[in-house]
Amino acid sequence: MKVGLIGLGNMGGRIAKRLLQEGNRISIYDKNPQIIQEFVAYGAEAATNPQALAAKNEIIITVLPNAEIVKEVVLGNEGLIKGFKPGSILIEMTTSLPEVTRDIGKVLYENGISIIDAPISGGVKKAETGELSIMVGGEEAVFSRVLPILNQIGTTIILVGELGAGHTIKAINNLLCATTLGITAEALALGVKMGLDPEKMLKVINNSSGRSHSSEVKFPQQVLNRKFEVGFTIDLMYKDISIALSLAQDQDLPLGISEAVLQLWKKGVTYGGDLDHTAIAKVVEQMAGVEIKSTEKIGTDEEISQFIDLQGQRK
Ligand code: NAD
């Protein structure tokens, strides 16, 4: 198939590579010229701006940092809307604000162009292997038309509701993820203060009711071994919690725990917004005056897998 892609960072870049590997014809645009060069070398065709990309492709995917940038890329000068022909479809994969997506949708529909929001979960590893979870908002007919492309990128693809519904559930999911990361860091820091070993604590927690994806995967893969490999930044996670809380505010819904989580991640932004989100553990460590690190030194990927597999034996 022929697909245009805008935003080739940690996620968009891997999605582009995946679509190229699957034999699609990919055209790209990114504001960073170096990234464009890199993908031209992989076999993608470069466009000079979003307008030019939309003129050549009926289906465009956007994977951008935030709602404001999406709006500019779609509706701004040299935006997609200037190049799209009627019948074209925008697949908006950014973690974005549902309201902004619906506003963009109104303008696109007036011009005969369709849009679905299709944010993603699974991180860079699942983006690489085409195993993302994709949560979609929009019309069923549009969803069906783009499903063959989504199937090349993800393995769990769910049409959640109308336009904006994908962005809503994505913010809710990341609110949960940010919360379990923060609370697991706090709980382990308390244990370390009390003289317990982080690895043993995780073995107990991951076979008990306190477990989560954060304790089962993120702490062993990134924190205990002090890797903190950048795949998804603290800045982006802070944006996502802020989206969830803005939705709660719109609904006059007080979310006390979530407010506290936002404050922790705000500290994270000051500590180092461009660090990987797992480095939120370092913010907690700094406040606690301890380090949550492995004493058994599980460093290599194989050792980490063994550790995760061992925990998995309970399943
Ligand atoms: P990133 O910062 O690595 O990539 C963003 C890309 O967009 C960069 O290449 C940048 O040059 C480009 N860009 C920025 N402004 C632009 C513009 N005006 N025109 C064209 N290109 C522009 O970000 P990422 O980690 O790939 O995340 C992208 C989106 O996916 C975010 O909304 C994020 O919340 C979401 N997300 C990320 C992950 C993850 O693990 N990284 C997982 C799920 C969802």
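Criteria and cut-off values
- Residues numbered from 1 in each chain as written.
- Predicted model: local features only at pLDDT ≥ 70, side-chain atom pairs only at ≥ 80, totals over all residues.
- Heavy atoms only, no water.
- Domains from an automatic or database assignment.
- Contact = heavy atoms within 4.5 Å.
- Buried area = accessible area lost by both parts, 1.4 Å probe.
- Salt bridge = Lys/Arg side-chain N within 4 Å of Asp/Glu carboxyl O.
- Polar contact = N/O pair within 3.5 Å; in protein donor to acceptor, adjacent residues only side chain to side chain.
- Near = heavy atom within 4 Å.
- Areas by Shrake-Rupley, 256 points an atom, 1.4 Å probe, with all protein chains shown as cover.
- Helix = DSSP H or I, 4+ residues; strand = E, 2+ residues; numbered from the N terminus.
- Buried < 20%, exposed > 50% of the residue type's maximum accessible area, 1.4 Å probe, protein only.
- Lys, Arg positive; Asp, Glu negative; His and termini not counted.
- Phe/Tyr/Trp six-rings, centres within 6.5 Å; stacked < 30°, edge-to-face > 60°.

Draft legend 1. Just the domain arrangement of the protein, in detail. Domain assignment breaks the protein into domain 1 (2-162) and domain 2 (168-288). Put simply, the middle of domain 1 and the middle of domain 2, counted by C-alpha atoms, are 28 Å apart. Taken together, the contact pairs 15 residues of domain 1 with 13 residues of domain 2. Roughly 1,100 Å² is buried in total at the junction of domain 1 and domain 2, and carbon and sulfur atoms are behind 61% of that figure. The largest per-residue losses of area from domain 1 upon contact with domain 2 belong to Thr-95, Pro-98 and Met-135, which jointly make up 38% of the total buried on that side. The interface formed by domain 1 and domain 2 includes 0 salt bridges. Where domain 1 touches domain 2, the interface holds 4 residue pairs in polar contact (both at pLDDT 80 or more).

Draft legend 2. Representation of the site of the ligand in the model. In the vicinity of the ligand there are 25 residues, among which Asn-10, Met-11, Asp-30, Leu-64 and Gly-231 approach most closely. A distance of 2.9 Å is found between an oxygen atom of the ligand and a backbone nitrogen or oxygen belonging to Asn-10. Within the backbone of Leu-64, a nitrogen or oxygen atom sits 2.8 Å from an oxygen atom of the ligand. Look at the ligand: alone it shows 830 Å² of surface, and the protein chains cover 87% of it.

Draft legend 3. Focus on the side chain of Asp-30. Within the fold, Asp-30 resides in the loop between β2 (25-29) and α2 (33-41). Here Asp-30 is buried and forms no salt bridge, its nearest opposite-charge partner Lys-31 lying at an N-O distance of 7.1 Å. There is a polar contact of 2.7 Å between the side chain of Asp-30 and the backbone nitrogen of Leu-8. One polar contact links the side chain of Asp-30 to the main-chain amide nitrogen of Asn-32, over a distance of 2.8 Å. Residues within four places of Asp-30 in sequence aside, it is in contact with Gly-7, Leu-8, Gly-9, Ile-35 and Ile-36.

Draft legend 4. Quick look at the packing of aromatic side chains. Taken as a whole, this structure holds 1 aromatic pair when the rule is applied. Taken together, a centroid distance of 5.4 Å and an interplanar angle of 65° make the contact between Phe-39 and Tyr-42 edge-to-face. On the accessibility criterion, Phe-39 (3% relative accessible area) is buried. For Tyr-42, a relative accessible area of 44% translates into the label partly exposed.

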